[in-house]
Amino acid sequence: MAATNDLTVLQFVTPSSTSFTTTPVLTARIHPLVIFNVCDCFVRRPDSAERVIGTLLGSILPDGTVDIRNSYAVPHNESSDQVAVDIDYHHNMLASHLKVNPKEVIVGWYSTGDGVNGGSALIHDFFAREVTNPIHLTVDTGFTNGEGTIKAYVSSNLSLGDRQLAAQFQEIPVDLRMVDAERVGYDVLKATAVDKLPNDMEGMEQTMERLLTLITDVYKYVDSVVEGQTSPDNNIGRFIAEAVASLPKLPPQVFDNLVNDSLQDQLLLLYLSSITRTQLSLAEKLNTAAQML
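Below: a short report on this structure.

Thresholds applied
- Residues numbered from 1 in each chain as written.
- Predicted model: local features only at pLDDT ≥ 70, side-chain atom pairs only at ≥ 80, totals over all residues.
- Heavy atoms only, no water.
- Helix = DSSP H or I, 4+ residues; strand = E, 2+ residues; numbered from the N terminus.
- Buried < 20%, exposed > 50% of the residue type's maximum accessible area, 1.4 Å probe, protein only.
- Contact = heavy atoms within 4.5 Å.
- Areas by Shrake-Rupley, 256 points an atom, 1.4 Å probe, with all protein chains shown as cover.
- Expected span 1.5 Å × (residues − 1).
- Arc of directions from axis to C-beta.

This part takes up the overall build of the protein chain. When helices and strands are counted, the protein chain shows 7 helices and 12 strands. Counting across all 293 residues of the protein chain, residues that qualify as buried make up 30%. Long-range contacts, defined here as pairs at least 24 residues apart, represent 62% of the contacts in the protein chain between residues at least 6 apart. Summing over all exposed atoms, the protein chain offers an accessible surface of approximately 18,800 Å²; the carbon and sulfur share of this is 56%.

Now the structure itself:
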C-alpha cells in the first residue's frame, strides 16, 4: 500500500493471503437506522464526491443471517484507476463503537448508487481483510428506477490457479425490519418529491389505511381457501389464528370508546404543543423588542 495525504490507496492482495467465504450468507436483515444513516451521509457528502461508502456493524445469527444494526461513513477518494480510503479514520471509529457496544462488529460495508462498479471490488477486498465474508449493501439514493432500491451482495473470487481474475458479486435477499412509525419516515425517503413531512395524524391515517389493506387481503385469502380456489397453507393459517387470538375480546361499543378516547388524547396533545409553540414564538418576539429598546 502507498499513502496519499490522509488516505491509503487500496490494492488487491493475493488470494493466498486473503481468506474469503466460509459460511454462506442466507439473508441480510437491515434495521432502518442504517438506511437513515446512509441517506444522511449522502446529503452531507462533499460536492466532488459521486457516492459515499461506510462500514456496516451488527452480528451474524446462527442461521447465517447477517443482522445489520448500525453504520458509519468512511472518507474516501475514487477515480477511474484507483480508490483511496482513510483507514485510520475507519479504525478509530470502529474502536469508539466497540467501546459503546462490543457486540456490534464489522459485518460489511455500504455504498450509495445503483449496483456495483469497478472500485467496489477494491473496497470489498479491503473489508474482506477486516472480516470474513463481508456484506456489500447498496442504496440507490439517485432513484434510478423511481425509488430508493436497496440491495445486498456477497463476493467470491474467480481465479485461475493462483492468479485472481475478478471478484463476482452475488445478490442475496434483503429483510428490512421496521415498525409503523419508522415505515412512515422510510416511505417519505423513498418518494422522489415530498411537499411536507406528515404530522402525527397523517401518519396515523396512513398506518390505518395500510392496516385496512392487509385485513382486506386476509379476507380475500380466507374466502378463496374456503371456496376451494386456493390450496390452504398451514403456516399462513397459524399466523392468522395467532393474529386473531391476540386481539382483545371487547364489545364493539367498548372498543369504539377506547379508540375515541385515544384519539381525543392525541388531539389534546397536538393542541397543547401548538399553544406551547405560540407562547415560545411570542416570548422570542417580546425579548427581541426589549433588546432593541
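For the rest of this paragraph, the subject is the environment of Y110. Mapping Y110 onto the fold places it in strand β8 (residues 105–112). When sequence neighbours within four positions are dropped, the list of residues in contact with Y110 reads V38, C41, V52, I53, G54, T55, L56, S71, Y72, A73, H136 and L137.

It is worth spelling out helix α2 (residues 87–100) at this point. Because an α-helix completes one turn every 3.6 residues, residues spaced three or four positions apart along the sequence face the same direction. Here α2 is 14 residues long and its end C-alpha atoms lie 20 Å apart, about the 20 Å a rise of 1.5 Å per residue gives. Among the residues of α2, I87, H90 and L94 are the ones counted as buried. The arc enclosing the buried residues of α2, seen along the axis, measures out at 55°, which places them on a common side. Structural note: α2 exposes D88, N92, K99 and V100 on the side pointing more than 90 degrees away from its buried face.

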